[in-house]
Amino acid sequence: MFIDTHCHLTDNYCDGGTDDVIKRAMDTGVGVMVCPTAEPKDIKGAIKLTSIYDNVFATIGIHPEYADNADTTQYLTPDVLNNPKVIGVGEIGLDYHERDDNKKNQIKLFADQLEIAKQFDLPVAIHTRDAESDTRDILTNANHGVMHCYTSSWDLAKTMLDRGFYFSASGILTFKNAVEVRETFAQIPTDRIVIETDSPFCAPVPYRGKQCEPAFVVETAKVLAQIKNLQIDELETILANNTKQLYPKIKIK
């Protein structure tokens, strides 16, 4: 069984709705899905999905895109974070690619959510884009977690490995021009890797250019298996075990 550790199921991006998306995932061997939140309005929907589907869990967080008007105390409440199916805080982090004129606000939002994660002893799912230096500095004393959709440098990876973090491979791993990403994952220890789609983004080859969905995680796994010189069923077991270590609150029937 594969676990898609990061798929935005609240986005309603596929024909047939969530039921069909989850059915297609399960038909391809993706038995568990983790739904992160990005903007505040996602939170209610993500928690509702976890109550409907036994195999859907959630991480709750506010993406740096919303740093200018997000109040963490309003959204990351004890009622939310103590929910047994809320397994982490994410996705949170820094993104200077789209804009960097609000770095102060992004850093504050990031730091506030990291502190909340520590208070509730929850792992964190980190988004970082064009912000390696600040990400490294802010995560000095962070709870353990995962570098989501990892495409940053091996240098940052080494630092975060030393801090106990996991690294999530997305469909970008399959892209022809993602040579450096594949080289980085070749160096990351296999017991520190998990896998995701980041649906509806980053659809892997041969689906590149289409809206991504959890069923496609298997295509990324095929490439990752080649990189790590493993049989696909061996990798499947390793990734599932890694995910359970990353997210201890995941209870799989």
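Right above here is the structure, for reference.
Conventions used here
Residues numbered from 1 in each chain as written. Predicted model: local features only at pLDDT ≥ 70, side-chain atom pairs only at ≥ 80, totals over all residues. Heavy atoms only, no water. Helix = DSSP H or I, 4+ residues; strand = E, 2+ residues; numbered from the N terminus. Rg over C-alpha atoms; globule rule 2.2 N^0.38 Å. Buried < 20%, exposed > 50% of the residue type's maximum accessible area, 1.4 Å probe, protein only. Axes fitted to C-alpha atoms, helices over the stretch in contact; angles between N-to-C directions. Parallel < 35°, antiparallel > 145°, perpendicular 65-115°, else oblique. Left-handed = near helix turned anticlockwise from the far one by under 90°. Contact = heavy atoms within 4.5 Å. Nonpolar A, V, L, I, M, F, W, Y, C, P; charged D, E, K, R; others polar. Pairing = 2+ DSSP bridges. Right-handed = clockwise from strand over helix to strand, strands pointing away. Polar contact = N/O pair within 3.5 Å; in protein donor to acceptor, adjacent residues only side chain to side chain. 1 Å grid on protein atoms, 1.4 Å probe; cavity = no way out; pocket = protein on both sides within 12 Å on 5 of 7 lines; lining within 4 Å. Points joined across faces, edges and corners; volume = space filled by probe spheres on them.

Asks: I would appreciate a short explanation of the overall build of the protein in the present structure.
Replies: Regarding its fold elements, the protein presents 10 helices and eight strands. Relative to the 2.2 N^0.38 estimate, which gives 18 Å for 253 residues, the radius of gyration of the protein is 17 Å and therefore close to what a compact globule would have. Dimensions along the principal axes, computed over C-alpha positions, put the protein at roughly 45 × 40 × 30 Å. Sorting the 253 residues of the protein into buried and exposed places 56% on the buried side.

Asks: Looking at this structure, how should I read the packing of helix 8 (residues 179-187) against helix 9 (residues 217-227)?
Replies: Each packed pair of helices is defined by two parameters, the angle between the axes and the distance between the axes. Interhelical geometry of helix 8 versus helix 9 gives an angle of 60 degrees and a closest axis separation of 9 Å. When the axes of helix 8 and helix 9 are compared, the pair comes out oblique. Helix-helix and strand crossings are classified by hand; for helix 8 and helix 9 the assignment is right-handed. In this structure, helix 8 contributes Arg182, Phe185 and Ala186 to the contact, and helix 9 contributes Val223, Leu224 and Ile227. Residues belonging to the contact of helix 8 with helix 9 are distributed by class as follows: five nonpolar, no polar and one charged.

Asks: Help me understand the pairing of strand 3 (residues 56-59) in this model?
Replies: Here is the key point about a regular strand: its side chains alternate between the two faces of the sheet. Burial along strand 3 is two-sided: Val56 and Ala58 and Phe57 and Thr59, pointing in opposite directions, are all buried. As paired elements, strand 2 (residues 30-36) and strand 3 share four bridges and run parallel to each other. Paired with Met33 across the two strands is Val56, which belongs to strand 3. Read from strand 2 through helix 2 (residues 42-52) to strand 3, the crossover connection turns out right-handed. Bridge analysis of strand 3 against strand 4 (residues 86-95) gives two bridges, and the strand direction is parallel. In the strand pairing of strand 4, Thr59 is matched with Gly88.

Asks: I would appreciate a short explanation of the environment of Thr174 in the present structure.
Replies: Residue position: Thr174 is located in the loop between strand 7 (166-169) and helix 8. On the basis of relative accessibility, which here comes to 12%, the residue Thr174 falls in the buried class. Along the chain, Thr174 and Lys228 lie 54 residues apart, while their C-alpha atoms are 14 Å from each other. A polar contact of 2.7 Å, which involves the side chain of Thr174, links it to the backbone oxygen of Gly171.

Asks: What am I meant to see in unusual backbone geometry here?
Replies: The linkage connecting Gly90 with the following residue, Glu91, adopts the cis geometry, with an omega of 10 degrees. Examined against the element boundaries, Glu91 turns out to sit in strand 4. Backbone torsion omega between Val205 and Pro206 reads 15 degrees, so that peptide bond is classified as cis. The phi dihedral of Cys149 is positive, around 45 degrees, even though this residue is not glycine.

Asks: Explanation requested: the layout of surface pockets in the structure shown.
Replies: Taking a probe equal in size to a water molecule and rolling it over the atoms shows the remaining empty space. Approximately 900 Å³ is the volume attributed to the largest pocket. Along its surface, the largest pocket is lined by 36 residues, and His63, Asp95, His127, Arg129 and Asp198 are the ones closest to its centre. At the level of elements, strand 4 and strand 5 (124-129) are the ones that each hand at least two residues to the lining of the largest pocket. When the residues that make up the lining of the largest pocket are grouped by side-chain class, the tally is 11 nonpolar, 11 polar and 14 charged.

Asks: Help me out: how do you make sense of the sheet that holds strand 7 in this one?
Replies: By way of backbone hydrogen bonds, the strands of a sheet pair with one another, either parallel or antiparallel. Spatially, eight strands are ordered 1-2-3-4-5-6-7-8 in an open sheet, and the strand pairing comes out parallel. At either margin of the open sheet sits one strand with a lone partner, and together these are strand 1 (2-4) and strand 8 (193-195). The average undirected angle you get between the axes of adjacent strands in this sheet is 30 degrees. Against the sheet, helix 2 touches strand 2, strand 3 and strand 4, its axis set at about 155 degrees to strand 3.

Asks: Sorry, what's going on with the pairing of strand 2 here?
Replies: Across the seven residues of strand 2, seven count as buried, placing the element largely inside the fold. Pairing of strand 1 with strand 2 involves three bridges; the strand directions are parallel. Across the sheet, residue Asp4 finds its bridge partner in strand 2, namely Met33.

Asks: What exactly am I supposed to notice about the environment of Met33 here?
Replies: In this fold, Met33 is placed in strand 2. Here Met33 falls in the buried class, since its relative accessible area comes to 0%. Sequence separation between Met33 and Leu139 is 106 residues, and the spatial gap between their C-alpha atoms is 26 Å.

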